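The residues making up each chain are set out below.
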Amino acid sequence: TCSYDVRLEPGAELWQEYRDWSVNPYLIGPSLKFADGKLYARDKELMALPTGQWCHVEVTAKLGAGADGQYQLTVTPPGGQPQQFSLPCVDAKWNKLTWVGFVSNATSKTAFYLDNVKLQNLTP
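Rules behind the numbers
Residues numbered from 1 in each chain as written. Predicted model: local features only at pLDDT ≥ 70, side-chain atom pairs only at ≥ 80, totals over all residues. Heavy atoms only, no water. Helix = DSSP H or I, 4+ residues; strand = E, 2+ residues; numbered from the N terminus. Rg over C-alpha atoms; globule rule 2.2 N^0.38 Å. Buried < 20%, exposed > 50% of the residue type's maximum accessible area, 1.4 Å probe, protein only. Contact = heavy atoms within 4.5 Å. Lys, Arg positive; Asp, Glu negative; His and termini not counted. Charge placed at Lys NZ, Arg CZ, Asp CG, Glu CD. 1 Å grid on protein atoms, 1.4 Å probe; cavity = no way out; pocket = protein on both sides within 12 Å on 5 of 7 lines; lining within 4 Å. Points joined across faces, edges and corners; volume = space filled by probe spheres on them. Nonpolar A, V, L, I, M, F, W, Y, C, P; charged D, E, K, R; others polar. Salt bridge = Lys/Arg side-chain N within 4 Å of Asp/Glu carboxyl O. Pairing = 2+ DSSP bridges. Axes fitted to C-alpha atoms, helices over the stretch in contact; angles between N-to-C directions.

(A) Region of interest: the overall build of the protein. Across its full length, the protein carries 0 helices and 10 strands. Radius of gyration (C-alpha) of the protein: 14 Å, near the 14 Å computed for a compact globule of 124 residues. Over its C-alpha atoms, taken along the principal directions, the protein stretches across nearly 40 × 30 × 25 Å. The buried share of the protein, taken over its 124 residues, is 35%. Contacts spanning at least 24 positions in sequence make up 61% of the contacts within the protein whose residues lie at least 6 apart. Computed over 11 positive and 12 negative side-chain charges, the inter-centroid distance for the protein is 3 Å.

And the structure:
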């Protein structure tokens with residue numbers, strides 16, 4: 001599970017992805033794009049997000065033999081109710097996490113902020 005708070009400024013474009021670099025070519029698990037005041041997964045618009053305000057994001061995926069090619073996404077907008085999604089990984093065979101990235105794809109001067117970033121293995 002990876003959770004974090006994110007604040008997007010106007011014009012911000014954040015790409016957040018989970019990869020397995022132990023194979024070539026690498027495999028991609030969950031992949032999210034925050035742009036134009038919206039959240040996307042695999043180019044599908046999931047929800048609108050406010051700029052200049054903090055939102056909470058939580059991504060949960062199974063790894064190893066229990067991996068099923070899916071992940072759970074929960075997004076809590078400021079003052080709102082959590083929105084939950086069950087989504088397919090980019091690569092259905094993804095089952096190992098070797099890289100977590102937060103990348104700015106903006107082409108103009110802007111900013112996004114991250115806080116309370118937590119990555120944890122919740123295996124019992």
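(B) Highlighting the layout of surface pockets. In this structure, the largest pocket spans a volume of roughly 310 Å³. Forming the walls of the largest pocket are 16 residues, and the residues nearest its centre are T1, A61, L63, Q120 and N121. Considering each element in turn, the lining of the largest pocket owes the most residues, 3 residues, to strand β6 (residues 54-61). In the lining of the largest pocket, the residues fall into 10 nonpolar, 5 polar and 1 charged.

(C) Quick look at the environment of L27. If you trace the backbone, L27 turns up in strand β3 (residues 27-35). As a C-alpha pair, L27 and A92 span 65 residues in sequence and 8.7 Å in three-dimensional space.

(D) Region of the structure containing the pattern of salt bridges. Counting across every chain of the model gives 3 salt bridges. For R7, the salt bridge is made with E9, and the minimal N-O distance between the two is 2.8 Å. For R7, a relative accessible area of 28% translates into the label partly exposed. Here E9 falls in the buried class, since its relative accessible area comes to 18%. With a closest N to O distance of 2.7 Å, E17 and R19 form a salt bridge. When its relative accessible area of 8% is taken as the criterion, R19 is described as buried.

(E) Fine view of the environment of A41. Here A41 is to be found in strand β4 (residues 38-41). For A41 and Q16, which are 25 residues apart along the polypeptide, the C-alpha to C-alpha distance reads 10.0 Å. Residues contacting A41, with those up to four places away along its chain left out, are S31, L32, L46, Y71 and L87.

(F) Broad picture of the sheet that holds strand β9 (residues 99-104). An order of β5-β4-β3-β2-β9 is seen for the 5 strands of this open sheet, with the pairing classed as antiparallel. What marks the edges here is a single partner per strand, and that holds for β5 (44-48) and β9. Here the strands of the sheet are splayed against their neighbours by 20° on average, with no regard to which way each runs. Pairing analysis gives 4 bridges linking β4 to β5, with the strands arranged antiparallel.

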